[in-house]
Amino acid sequence: MSHEESRSRWLVLVIRLPAEPSRHRVSVWRELRKLGALSLGQGVWAVPDVPVFADRLARAITLTERAEGQVVILDASGRTPEDAARFQALFSAARSADWTEFLADCDKFEDELAKEIRIAKFTLAELEEEEQSLERLRRWHRDLTARDLFRVPEGDRATKRLSECAAACEDYAERVYQALHAVSEDDR
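Another aspect to go through is the overall build of the chain. Along its length, the chain carries six helices and four strands. Tracing the chain from N to C terminus, the helices and strands come up as α-β-α-β-β-α-β-α-α-α. Seen through its principal axes, the chain has C-alpha atoms that stretch 75 × 40 × 25 Å. Considering the chain as a whole, with its 188 residues, one finds that 36% of them fall into the buried category. Considering only intrachain contacts with a sequence separation of at least 6, the fraction spanning at least 24 residues in the chain is 80%. Across the chain, 29 positive and 36 negative side-chain charges occur, with their mean positions spaced 6 Å apart.

As structure tokens, this is what we get:
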């Protein structure tokens, strides 16, 4: 099977879980969301049949079985080229939404840095907090990139924004360094 053919093949998961306790439903739902699976309806999910999704898919199955639920996995592809294109469009729309949320968090990150600069809060504790936020953005970016199988345009913008966030954080780090190591006129 060629790479292109594998990208048009899907796994459809039909998941049944006991109604209680609800924590099992939530844990499986969260794992499927992290995986990037498409929700097709209550208990029905789809994901492209490619290796990048295998580990999280296995985890979702394990969580389901641990909760004494059932999983049926079906191989699927579009019956017509139009059906396949619709599936891909749905998956890509979900990735676009993920990237849009990521881009909004990049904006919040830079707004936070601008506020700290504006109020001259140049402390190591604040710098560490901002560096942790940047690392969270980097991890998120890696996860989204792995799921963005069909490469939606927002992914390229997100990569550029992450670089801008890293540069802004580096600028803030330099300001913290200068503030902490500034020698006052009285100390000379």
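Here the focus is the confidence of the model for the chain. As a general rule, the predicted coordinates of low-pLDDT regions are not to be interpreted in detail. The pLDDT averaged across the chain works out to 92; a share of 93% of its residues lies at or above 70. Counted against residues more than four places away or in other chains, residues 1–6, with its pLDDT under 50, gives four contacts.

Moving on: helix 6 (residues 153–181). Its 29 residues give helix 6 an end-to-end C-alpha distance of 43 Å, which sits within 8% of 42 Å, the value for a rise of 1.5 Å per residue. Along helix 6, the residues classified as buried are Glu154, Gly155, Ala158, Arg161, Leu162, Cys165, Cys169, Tyr172, Ala173 and Val176. Contacts made by the buried residues of helix 6 are with helix 4 (81–118) and helix 5 (124–147).

Further remarks concern the layout of surface pockets. In this structure, the largest pocket spans a volume of roughly 300 Å³. Looking at the lining of the largest pocket, the elements that each hand over two or more residues are helix 2 (22–35), helix 4 and helix 5. Here the residues of the lining of the largest pocket are counted per class, giving three nonpolar, no polar and eight charged. Of the voids in this model, the second largest pocket is the one considered here, and its volume is about 230 Å³.

Next up on the list: the side chain of Arg147. Within the secondary structure layout, Arg147 lies in helix 5. Among all residues touching Arg147, those that are not within four sequence positions of it are Arg33, Lys34, Leu35, Gly36, Phe53, Phe91, Arg95 and Asp98.

Right, let's talk about unusual backbone geometry for a bit. Residue Glu20 is joined to Pro21 through a cis peptide bond whose omega torsion reads -5°. Mapped onto the elements, Pro21 comes out in the loop between strand 1 (9–16) and helix 2. A positive phi is found at Glu68, a non-glycine position, where the angle reads about 60°. In this fold, Glu68 is placed in the loop between helix 3 (54–66) and strand 4 (70–77). Look at Glu68 and you get exposed, because its relative accessible area is 72%.

In this section: the nonpolar core. Soluble, globular proteins show a tendency: their nonpolar side chains are buried together. Grouped together as the largest cluster of nonpolar side chains are 26 residues, with contacts concentrated most on Trp10, Leu13, Ile15, Leu32, Leu35, Val47 and Phe91. Of all the elements in the fold, those that place two or more residues in this core are strand 1, helix 2, strand 3 (44–48), helix 3 and helix 4. Among the elements that take part in this core, strand 1 stands out by supplying five residues, more than any other. The contacts of Val47, once residues within four sequence positions are left out, are Trp10, Leu11, Leu13, Leu35, Ala37 and Phe53.

About the criteria used
- Residues numbered from 1 in each chain as written.
- Predicted model: local features only at pLDDT ≥ 70, side-chain atom pairs only at ≥ 80, totals over all residues.
- Heavy atoms only, no water.
- Helix = DSSP H or I, 4+ residues; strand = E, 2+ residues; numbered from the N terminus.
- Buried < 20%, exposed > 50% of the residue type's maximum accessible area, 1.4 Å probe, protein only.
- Contact = heavy atoms within 4.5 Å.
- Lys, Arg positive; Asp, Glu negative; His and termini not counted.
- Charge placed at Lys NZ, Arg CZ, Asp CG, Glu CD.
- pLDDT = per-residue confidence, 0-100.
- Expected span 1.5 Å × (residues − 1).
- 1 Å grid on protein atoms, 1.4 Å probe; cavity = no way out; pocket = protein on both sides within 12 Å on 5 of 7 lines; lining within 4 Å.
- Points joined across faces, edges and corners; volume = space filled by probe spheres on them.
- Nonpolar A, V, L, I, M, F, W, Y, C, P; charged D, E, K, R; others polar.
- Core = buried A, V, L, I, M, F, W, Y, C linked by side-chain atoms within 4.5 Å.

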